[in-house]
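# Results of the structural survey
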Amino acid sequence: GFWRRRWPLLALAIVALDLWLATGTFNPAVDPALLAEEPPAIGFLKAQAGQELGRITSFEGETTSKTLNANLGWLMGLQDVRGYDSIILRQYVQYMQAIEPQGQLLYNRISPFYDPASLNDPRTHLLGVRWVVSELPLNLPGWTLIHDSPSDPVKVYRNENAFPRAFVAPTVEL
């Protein structure tokens, strides 16, 4: 009698206790004021993007932090060729893999560039990558250092070979 009517309440109490024990003291809250922080390189890029259309990406190495991590640029109003999404189109993944191996697909991310040769790949230019942010110095033809501040570890380079965001191709070659 008594337990037969009360077992659903007891089961609910056990589940609630289990959930509280697992996550009750976990609070991932962060000060929202941090979202208003704008590093100097981001302010510079926003001014550049206001003058001409183009996309950004990052160039990273073993000694760098996650310079402008995927989707962070979008939060700042910048258009990034990388991304962090639950669903990434297979054709886009294949396109990016043709430029450079994609080691972050397991984490639903299009990777930053790690190989300097990838920055001068014609497919990178075709994507309209106008700027690259990096903590590393780049000495590549077609890439011009346009932002380097002593107060900012991030440098911004401009791609002189980037295609416009929209264009008409007079011929096609396979």
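Report on the accompanying structure. (Residues numbered from 1 in each chain as written. Predicted model: local features only at pLDDT ≥ 70, side-chain atom pairs only at ≥ 80, totals over all residues. Heavy atoms only, no water.)

### Thoughts on the pairing of strand β4 (residues 129–134)
- Among the 6 residues of β4, 6 are classified as buried, and the element is accordingly described as predominantly covered.
- In terms of strand pairing, strand β1 (residues 55–59) meets β4 through 5 bridges, oriented parallel. Note that in β4 the partner of Thr57 across the bridge is Val132.
- The sheet contact formed by β4 and strand β6 (residues 155–159) spans 4 bridges and is antiparallel. Residue pairing in the sheet places Val133 in a bridge with Val156 of β6. (Buried < 20%, exposed > 50% of the residue type's maximum accessible area, 1.4 Å probe, protein only. Helix = DSSP H or I, 4+ residues; strand = E, 2+ residues; numbered from the N terminus. Pairing = 2+ DSSP bridges.)

### Details of the pattern of salt bridges
- In this structure the tally under the stated criterion is 7 salt bridges.
- Two residues, Arg158 and Glu160, come together in a salt bridge whose shortest N-O distance is 3.0 Å.
- On the basis of relative accessibility, which here comes to 18%, the residue Arg158 falls in the buried class.
- Among the charged side chains, a salt-bridge network with shared partners connects Glu52, Arg130, Arg158 and Glu160. (Salt bridge = Lys/Arg side-chain N within 4 Å of Asp/Glu carboxyl O.)

### Section: the packing of aromatic side chains
- Inspection of the entire model under this criterion finds 1 aromatic pair.
- Pairing Phe163 with Phe167 gives two aromatic rings, centres 5.1 Å apart and planes at 45°, and the pair type is tilted.
- Residue class for Phe167 comes out partly exposed when judged on its relative accessible area of 39%.
- Above the ring of Tyr84, the side-chain terminus of Arg109 is found at 4.8 Å from the ring centroid. (Phe/Tyr/Trp six-rings, centres within 6.5 Å; stacked < 30°, edge-to-face > 60°. Lys NZ or Arg CZ within 6 Å of the ring centre and 35° of its normal.)

### So, the nonpolar core
- The biggest cluster of nonpolar side chains holds 15 residues, and the ones touching the most others in it are Met96, Leu119, Val132, Leu138 and Trp143.
- Those elements that provide at least two residues to this core are α4 (90–99) and β4.
- Counting residues per element, this core draws most heavily on α4, at 3 residues.
- Ignoring any residue separated from it by four or fewer positions in sequence, one finds Trp143 in contact with Leu119, Asn120, Val129, Arg130, Trp131, Val132, Tyr157, Arg158 and Asn159.
- Counting residues in each nonpolar core, the second largest holds 11 residues, with Ala41, Leu45, Met76 and Leu78 among its members. (Core = buried A, V, L, I, M, F, W, Y, C linked by side-chain atoms within 4.5 Å. Contact = heavy atoms within 4.5 Å.)

### Section: the sheet that holds β1
- Across the sheet, which stays open at both edges, the 4 strands sit in the order β1-β4-β6-β5 with mixed pairing between neighbours. The open sheet has two edge strands with one neighbour each: β1 and β5 (143–147). This sheet shows a mean twist of 30° between the axes of neighbouring strands, independent of strand direction.
- Helix-sheet contacts for helix α2 (residues 40–51) involve β1, β4, β5 and β6, and the interaxial angle to β5 is about 115°. (Axes fitted to C-alpha atoms, helices over the stretch in contact; angles between N-to-C directions.)

### Digging into the side chain of Ser149
- Within the element layout of this structure, Ser149 appears in the loop between β5 and β6.
- Look at Ser149 and you get buried, because its relative accessible area is 18%.
- There is a polar contact of 3.0 Å between the side chain of Ser149 and the side chain of Ser151. (Polar contact = N/O pair within 3.5 Å; in protein donor to acceptor, adjacent residues only side chain to side chain.)

### Regarding the environment of Ala41
- Relative to the elements of secondary structure, Ala41 occurs in helix α2.
- Given the relative accessible area of 4%, Ala41 is considered buried.
- The spatial distance from the C-alpha of Ala41 to the C-alpha of Trp131 is 11 Å, given a sequence separation of 90 residues.
- Discounting chain neighbours no more than four positions away, the residues touching Ala41 are His147, Asp152, Val154 and Val156.

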